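Structural overview for review
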Amino acid sequence: DFDKDEWQLYNLDDDFSEANDLAAKNPRRLKELQDLFWIEATKYNVLPLDDRFIERADPSLRPSLIAGRTKFNYFPGVRRVPESSSPNVKNKSHAITVDVEIPKDGADGVLVAAGGNVAGYALFVKDGKPAYEYNYFTVERTKIAGKDKLAPGKHTIRFEFKSDGGVGKGGTGTLFVDGQEVAKGRIEKTVPVRYSADETFDTGEDTGSPVSDQYKAPFRFTGTMRKIDIDLAPANLGAADLKKLNDARMLFLVAG
């Protein structure tokens, strides 16, 4: 119901960059549109308005099914789980245990992976040998691998990380096969907040980009996986650590 003069104000042929302040030139139309907005906002449950950005982008502030959990059990086929919905192994000691069965001709592939080529971790089998890699923003890659191939049959592969304690601190990673230590290594730095904005948690393969430069995604496991257990120790972060973690989270959200 624009009249001729009003229509000229809204004509993009004359103001393609929308540089003219139409609110100042046509306050009556502005008031009508404002009233219409509130009517539609009420109709479609837009209210109350929330103009926060960083807080709304922070998954830790949303309702979560994993908050407070320390034990996770998965079975083959779990993939493309958002990082914020997967076990948070950051800033704490933890263990990943996978029961597998190796066929007579051997097997390779990813058992568990989180993140991607930007950052993350992967527990996998390469050339028949169990291995773990921690990718710290591609700046540092820590590789811990057994020297012997897995014999055909059932095995339990377990990776344990003993944290030094604190935000983004390092620790010691130990790889076990059937309860026997097969490799150990020092991880000097760990990611405190997020591996990436779009990579995921996967079992039996590594979707998206590969965490490790030792394989090409998806590098599906060619043996049989029975189950995956992930156990998290308490983070035990003090007030100073929590502030540091919150500052790091805000920095990630702003940069991301």
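A brief look at the structure comes next. If you're wondering where the values come from, they're calculated on a predicted model, not measured in any experiment.

A look at a nonpolar patch on the surface
A cluster of nonpolar residues, Phe37, Trp38, Tyr44, Val46, Leu47 and Leu49, forms a patch on the protein surface that exposes about 610 Å² of accessible area. Secondary-structure assignment places valine 46 in the loop between helix H3 (27-43) and strand S1 (71-74).

Re the nonpolar core
By size, the foremost hydrophobic cluster in this structure holds 37 residues, and its most contacted members are Val98, Leu111, Tyr121, Leu123 and Ile230. The contacts of leucine 123, once residues within four sequence positions are left out, are Ile96, Val98, Val110, Leu111, Val112, Ala131, Tyr132, Ile157, Phe159 and Leu175. Ranked by size, the runner-up nonpolar core spans eight residues in total, among them Ala113, Ala122, Tyr215 and Phe219.

Describing the environment of threonine 70
For threonine 70, the position within the fold is in the loop between H3 and S1. In this structure threonine 70 comes out as partly exposed when scored by relative accessible area, which is 38%. Considering only alpha carbons, one finds threonine 70 and asparagine 88, 18 residues apart in sequence, at a separation of 9.1 Å.

Thoughts on the packing of aromatic side chains
Evaluated as defined, the whole model comprises eight aromatic pairs. Aromatic pair tyrosine 132 and phenylalanine 159: ring centres 3.6 Å apart, planes at 5 degrees, arrangement stacked. Taken as a pair, tyrosine 132 in strand S6 (residues 129-136) and phenylalanine 159 in strand S8 (residues 153-163) lie far apart in primary sequence, 27 residues in all. According to the relative accessible area criterion, phenylalanine 159 is buried, its value standing at 0%. Taken together, the ring pairs in this structure connect Tyr121, Tyr132, Phe159 and Tyr195 into an aromatic cluster. Lysine 90 extends its terminal NZ or CZ atom over the ring of tyrosine 195, reaching a point 4.2 Å from the ring centre.

Concerning the sheet that holds strand S12 (residues 224-232)
Pairing between the strands of a sheet is mediated by backbone hydrogen bonds and can be parallel or antiparallel. Here six strands make up an open sheet; going across it, the order is S1-S12-S3-S8-S9-S10 and the pairing antiparallel. Each of the sheet's edge strands pairs with one partner strand only, and the pair in question is S1 and strand S10 (180-187). Taking the axes of each pair of neighbouring strands and ignoring which way they run, one obtains an average angle of 15 degrees across the sheet. As paired elements, S8 and strand S9 (residues 171-177) share seven bridges and run antiparallel to each other. Directly across from glutamate 160, in S9, lies its bridge partner threonine 174.

Some thoughts on empty space enclosed by the protein
This model, assessed by the stated rule, comprises two cavities of 30 Å³ or more. Looking at the largest cavity, its volume works out to about 80 Å³. The wall of the largest cavity is formed by 13 residues, among which Val89, His94, Tyr134, Phe161 and Thr190 lie closest to the centre. Here the lining of the largest cavity is composed, by residue class, of seven nonpolar, three polar and three charged. Computed from the structure, the second largest cavity encloses a volume of approximately 40 Å³.

So, the pattern of salt bridges
For the coordinates displayed, the defined rule picks out 16 salt bridges. When the shortest N-O distance is used, the salt bridge between arginine 79 and glutamate 205 registers 2.6 Å. Of the two residues, arginine 79 is situated in the loop between S1 and strand S2 (81-82) and glutamate 205 in the loop between strand S11 (200-203) and S12; the sequence distance between them amounts to 126 residues. What makes arginine 79 partly exposed here is its relative accessible area of 41%. For glutamate 188, the salt bridge identified is with arginine 186, shortest N-O distance 3.5 Å. Assessed through its relative accessible area of 47%, glutamate 188 is described here as partly exposed. Within this structure, Glu133, Arg141, Lys143 and Asp213 form a network of salt bridges that share partners.

Thoughts on the side chain of lysine 90
The topology assignment puts lysine 90 in the loop between S2 and strand S3 (94-102). Setting aside residues up to four positions removed in sequence, lysine 90 forms contacts with Glu83, Val191, Pro192, Val193, Arg194 and Tyr195.

Section: the pairing of S10
Summarising the sheet, S9 and S10 pair through seven bridges and their orientation is antiparallel. Its bridge partner lying in S10, threonine 172 is registered against arginine 186. Hairpin remark: S9 followed by S10, antiparallel, with two residues in the connecting loop; positive phi at aspartate 178, about 55 degrees.

How each quantity is defined
- Residues numbered from 1 in each chain as written.
- Predicted model: local features only at pLDDT ≥ 70, side-chain atom pairs only at ≥ 80, totals over all residues.
- Heavy atoms only, no water.
- Patch = residues over 30% accessible without salt bridge, like charges linked within 9 Å, V, L, I, M, F, W, Y side chains within 5 Å.
- Areas by Shrake-Rupley, 256 points an atom, 1.4 Å probe, with all protein chains shown as cover.
- Salt bridge = Lys/Arg side-chain N within 4 Å of Asp/Glu carboxyl O.
- Helix = DSSP H or I, 4+ residues; strand = E, 2+ residues; numbered from the N terminus.
- Core = buried A, V, L, I, M, F, W, Y, C linked by side-chain atoms within 4.5 Å.
- Buried < 20%, exposed > 50% of the residue type's maximum accessible area, 1.4 Å probe, protein only.
- Contact = heavy atoms within 4.5 Å.
- Phe/Tyr/Trp six-rings, centres within 6.5 Å; stacked < 30°, edge-to-face > 60°.
- Lys NZ or Arg CZ within 6 Å of the ring centre and 35° of its normal.
- Pairing = 2+ DSSP bridges.
- Axes fitted to C-alpha atoms, helices over the stretch in contact; angles between N-to-C directions.
- 1 Å grid on protein atoms, 1.4 Å probe; cavity = no way out; pocket = protein on both sides within 12 Å on 5 of 7 lines; lining within 4 Å.
- Points joined across faces, edges and corners; volume = space filled by probe spheres on them.
- Nonpolar A, V, L, I, M, F, W, Y, C, P; charged D, E, K, R; others polar.

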